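Letter by letter, the chains look like this.
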Amino acid sequence: LLGRTSKETKVKEISTKSGNLLTAKPTDSIENCMDKILSRGIRHIPIDDDENGACVGFLSVKDLLKEVIKQKESQLERLASFALGKF
(Lines give C-alpha, C1' and ligand atoms only; values in the text may rest on other atoms or scores of the structure.)
Protein backbone atom coordinates (compact mmCIF):
# COMPACT_ATOMS: atom_id res chain seq x y z
CA LEU A 1 0.00 0.00 0.00
CA LEU A 2 3.07 2.22 -0.19
CA GLY A 3 2.77 3.70 3.29
CA ARG A 4 -1.03 3.91 3.27
CA THR A 5 -3.39 2.17 5.66
CA SER A 6 -5.78 -0.40 4.26
CA LYS A 7 -8.76 1.17 6.04
CA GLU A 8 -8.22 4.58 4.46
CA THR A 9 -7.02 3.60 0.98
CA LYS A 10 -9.50 3.41 -1.89
CA VAL A 11 -9.08 0.64 -4.44
CA LYS A 12 -8.95 3.19 -7.27
CA GLU A 13 -5.81 4.67 -5.69
CA ILE A 14 -3.81 1.45 -6.04
CA SER A 15 -5.45 -0.44 -8.90
CA THR A 16 -4.07 -0.72 -12.42
CA LYS A 17 -5.47 1.98 -14.69
CA SER A 18 -7.43 0.77 -17.72
CA GLY A 19 -4.79 2.03 -20.17
CA ASN A 20 -2.18 -0.24 -18.56
CA LEU A 21 -4.48 -3.18 -17.87
CA LEU A 22 -3.46 -6.40 -19.56
CA THR A 23 -6.42 -8.55 -20.61
CA ALA A 24 -7.08 -11.75 -22.53
CA LYS A 25 -9.91 -12.83 -24.83
CA PRO A 26 -11.85 -16.10 -24.53
CA THR A 27 -10.32 -17.11 -27.87
CA ASP A 28 -6.69 -16.65 -26.68
CA SER A 29 -4.59 -19.77 -26.32
CA ILE A 30 -3.27 -20.99 -22.99
CA GLU A 31 0.27 -20.32 -24.21
CA ASN A 32 -0.64 -16.75 -25.16
CA CYS A 33 -2.18 -16.10 -21.73
CA MET A 34 0.87 -17.60 -20.00
CA ASP A 35 3.14 -15.33 -22.05
CA LYS A 36 1.10 -12.28 -21.06
CA ILE A 37 1.15 -13.18 -17.36
CA LEU A 38 4.83 -14.09 -17.26
CA SER A 39 5.93 -11.04 -19.25
CA ARG A 40 4.37 -8.71 -16.69
CA GLY A 41 5.00 -10.76 -13.56
CA ILE A 42 1.32 -10.82 -12.62
CA ARG A 43 -0.76 -13.62 -11.12
CA HIS A 44 -4.21 -12.93 -12.60
CA ILE A 45 -5.55 -11.68 -15.90
CA PRO A 46 -9.13 -10.54 -16.65
CA ILE A 47 -10.92 -12.17 -19.57
CA ASP A 48 -12.80 -9.68 -21.75
CA ASP A 49 -15.81 -10.64 -23.86
CA ASP A 50 -14.98 -10.49 -27.57
CA GLU A 51 -18.14 -8.56 -28.46
CA ASN A 52 -18.52 -5.77 -25.90
CA GLY A 53 -15.30 -5.87 -23.89
CA ALA A 54 -17.06 -6.71 -20.61
CA CYS A 55 -15.11 -8.75 -18.08
CA VAL A 56 -16.42 -12.31 -18.12
CA GLY A 57 -13.91 -13.83 -15.70
CA PHE A 58 -10.35 -14.07 -14.49
CA LEU A 59 -7.54 -16.53 -15.11
CA SER A 60 -4.88 -17.20 -12.54
CA VAL A 61 -1.42 -18.65 -12.95
CA LYS A 62 -2.76 -21.68 -11.06
CA ASP A 63 -5.60 -22.14 -13.59
CA LEU A 64 -3.17 -22.02 -16.48
CA LEU A 65 -0.64 -24.35 -14.86
CA LYS A 66 -3.34 -26.94 -14.13
CA GLU A 67 -4.33 -26.96 -17.80
CA VAL A 68 -0.74 -27.12 -19.06
CA ILE A 69 -0.01 -30.05 -16.73
CA LYS A 70 -3.18 -31.83 -17.86
CA GLN A 71 -2.18 -31.43 -21.50
CA LYS A 72 1.38 -32.63 -20.88
CA GLU A 73 0.14 -35.68 -18.96
CA SER A 74 -2.13 -36.56 -21.89
CA GLN A 75 0.78 -36.25 -24.32
CA LEU A 76 2.96 -38.46 -22.11
CA GLU A 77 0.25 -41.12 -21.94
CA ARG A 78 -0.07 -41.16 -25.74
CA LEU A 79 3.70 -41.38 -26.19
CA ALA A 80 3.98 -44.18 -23.62
CA SER A 81 1.18 -46.11 -25.35
CA PHE A 82 2.92 -45.67 -28.68
CA ALA A 83 6.28 -46.76 -27.27
CA LEU A 84 4.70 -49.84 -25.73
CA GLY A 85 2.85 -50.71 -28.95
CA LYS A 86 -0.61 -49.96 -27.50
CA PHE A 87 -1.71 -47.49 -30.13
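Peer 1: Sorry if this is basic, but what is going on with the overall build of the protein chain here?
Peer 2: Helix and strand counts for the protein chain come out as three helices and two strands. The secondary structure elements of the protein chain, listed N-terminal to C-terminal, are α-α-β-β-α. When its C-alpha atoms are laid out on the principal axes, the protein chain stretches across 65 × 35 × 20 Å. Once local pairs closer than 6 in sequence are excluded, the contacts in the protein chain between residues at least 24 apart make up 27%. For the protein chain, the exposed surface amounts to about 7200 Å²; the carbon and sulfur share of it is 55%. Measuring between centres, the 15 positive side-chain charges of the protein chain sit 7 Å from its 13 negative side-chain charges.

Peer 1: Where do I start with the pairing of strand β1 (residues 44–48) in this structure?
Peer 2: Regular strands place their side chains on alternate faces of the sheet. Judged by how many residues are buried, β1 sits mostly within the fold: four of five residues are covered. For β1 and strand β2 (residues 55–60), the ladder comprises five bridges, and the chain directions are antiparallel. Across the sheet, the residue bridging to Asp48 is Cys55, located in β2. Following β1, the chain reverses through six residues before pairing antiparallel with β2; Gly53 in that reversal takes a positive phi of roughly 75 degrees.

Criteria and cut-off values
Residues numbered from 1 in each chain as written. Predicted model: local features only at pLDDT ≥ 70, side-chain atom pairs only at ≥ 80, totals over all residues. Heavy atoms only, no water. Helix = DSSP H or I, 4+ residues; strand = E, 2+ residues; numbered from the N terminus. Contact = heavy atoms within 4.5 Å. Areas by Shrake-Rupley, 256 points an atom, 1.4 Å probe, with all protein chains shown as cover. Lys, Arg positive; Asp, Glu negative; His and termini not counted. Charge placed at Lys NZ, Arg CZ, Asp CG, Glu CD. Buried < 20%, exposed > 50% of the residue type's maximum accessible area, 1.4 Å probe, protein only. Pairing = 2+ DSSP bridges.

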